[in-house]
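Given next are the chains, with one letter for each unit.
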Amino acid sequence: MKVEDSMRTTLITVLPEDLVRTARQRLRDHRMRQLPVVTEGNTLVGIITDRDIRQAGASDEPHLAEHELTYLLEKMTVQELMTRQVVTVYRQTSVVEAGQILLEKRFGCLPVVRADKTLEGIITVTDLLHAYVRQPEYLWIWEGSNPAGAPPAPAAAERVRLV
């Protein structure tokens, strides 16, 4: 199975010159943790995460009040916080390879790009889990039928434990 079979193509992105508050709002509105950062031509130039934004708001300065930190974040642009060296995959990358990268790097997603770095999708850990449970050898667990030679389908209580 390839990344293109499971990736998301409806994308929420930000521009490098967008304010961090715009990124934070998009993350909240769409219940996401990462946003690809693209140019007007849809070229991937970075990624910004909810963690990047939280860490930017953390301060060791006891004299800064919460509203002062919020004010500072309101003035910052995405390009000031984004990660510029983004690990990416191509649509023809296997989901196994994408999963290995996510595990090794401890990422929540991987942008899917063309050779010219144009963003065309994103694949998340959740997308990979969906791909895993859609595999034909696991469908009998969900559908209650047994392919030839498979052990009997587990009871409903056992299905929960298997997944």
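A word on the overall build of the protein
Step number 1: Per the secondary structure count, the protein includes eight helices and four strands.
Step number 2: Secondary structure of the protein in N-to-C order comes out as α-β-β-α-α-α-α-β-β-α-α-α.
Step number 3: Taking all 163 residues of the protein together, the buried fraction comes to 34%.
Step number 4: Taking the intrachain contacts of the protein between residues at least 6 apart in sequence as the baseline, contacts between residues at least 24 apart amount to 55%.
Step number 5: When the accessible area of the protein is evaluated, it comes to approximately 10,400 Å², of which 51% is carbon and sulfur surface.

Considering the side chain of D52
Step number 1: Take D52: it is sitting in helix 2 (residues 50-57).
Step number 2: Here D52 sits buried without a salt bridge, and the closest side chain of opposite charge, R51, lies 6.9 Å off (N-O distance).
Step number 3: A polar contact is formed between the side chain of D52 and the backbone nitrogen of T49, at a distance of 2.9 Å.
Step number 4: What D52 contacts, discounting residues up to four positions off in sequence, is I47, L81 and T83.

Concerning the pairing of strand 3 (residues 109-113)
Step number 1: With five of five residues buried, strand 3 lies mostly within the body of the structure.
Step number 2: Alternating residues of strand 3 divide into C109, P111 and V113 and L110 and V112, and every residue in both groups is buried.
Step number 3: The pairing of strand 3 with strand 4 (residues 119-124) spans five bridges and is classified as antiparallel. Bridging across to strand 4, C109 finds its partner in T124.

Brief notes about the environment of Q135
Step number 1: For Q135, the position within the fold is in the loop between helix 6 (125-133) and helix 7 (136-143).
Step number 2: Judged by relative accessible area, Q135 falls into the buried class, the value being 19%.
Step number 3: Distance from Q135 to M1, taken between C-alpha atoms, is 9.1 Å for residues 134 residues apart in sequence.

Topic: the pattern of salt bridges
Step number 1: Scanning the entire structure with this criterion turns up six salt bridges.
Step number 2: In this structure, D50 and R54 form a salt bridge, with 3.3 Å as the shortest nitrogen-oxygen distance. One end of the pair is D50 and the other is R54, both in helix 2 and four residues apart, which spans about a single turn.
Step number 3: Beyond isolated ion pairs, a larger network of salt bridges with shared partners links E4, R91, R114 and E120.

Let's talk about the pairing of strand 4
Taken residue by residue, a regular strand's side chains alternate between the two faces of the sheet.
Step number 1: When you tally the buried positions in strand 4, you get six out of six residues, the bulk of the element.
Step number 2: Between strand 3 and strand 4, which pair antiparallel in sequence order, lie five residues; one of them, K117, sits at a positive phi of approximately 70 degrees.

Some details on helix 1 (residues 20-29)
One turn of the α-helix equals 3.6 residues, which is why residues spaced by three or four share an orientation.
Step number 1: Turning to helix 1, its buried residues number three or more, namely V20, A23 and L27. Down the axis of helix 1, the buried side of the element spans an arc of 60 degrees, and every buried residue falls inside it. For helix 1, the exposed residues set more than 90 degrees away from the buried face come down to R28 and D29.
Step number 2: A positive backbone phi angle near 50 degrees is found at R31, which sits one or two residues after helix 1.

Rules and cut-offs
Residues numbered from 1 in each chain as written. Predicted model: local features only at pLDDT ≥ 70, side-chain atom pairs only at ≥ 80, totals over all residues. Heavy atoms only, no water. Helix = DSSP H or I, 4+ residues; strand = E, 2+ residues; numbered from the N terminus. Buried < 20%, exposed > 50% of the residue type's maximum accessible area, 1.4 Å probe, protein only. Contact = heavy atoms within 4.5 Å. Areas by Shrake-Rupley, 256 points an atom, 1.4 Å probe, with all protein chains shown as cover. Lys, Arg positive; Asp, Glu negative; His and termini not counted. Salt bridge = Lys/Arg side-chain N within 4 Å of Asp/Glu carboxyl O. Polar contact = N/O pair within 3.5 Å; in protein donor to acceptor, adjacent residues only side chain to side chain. Pairing = 2+ DSSP bridges. Arc of directions from axis to C-beta.

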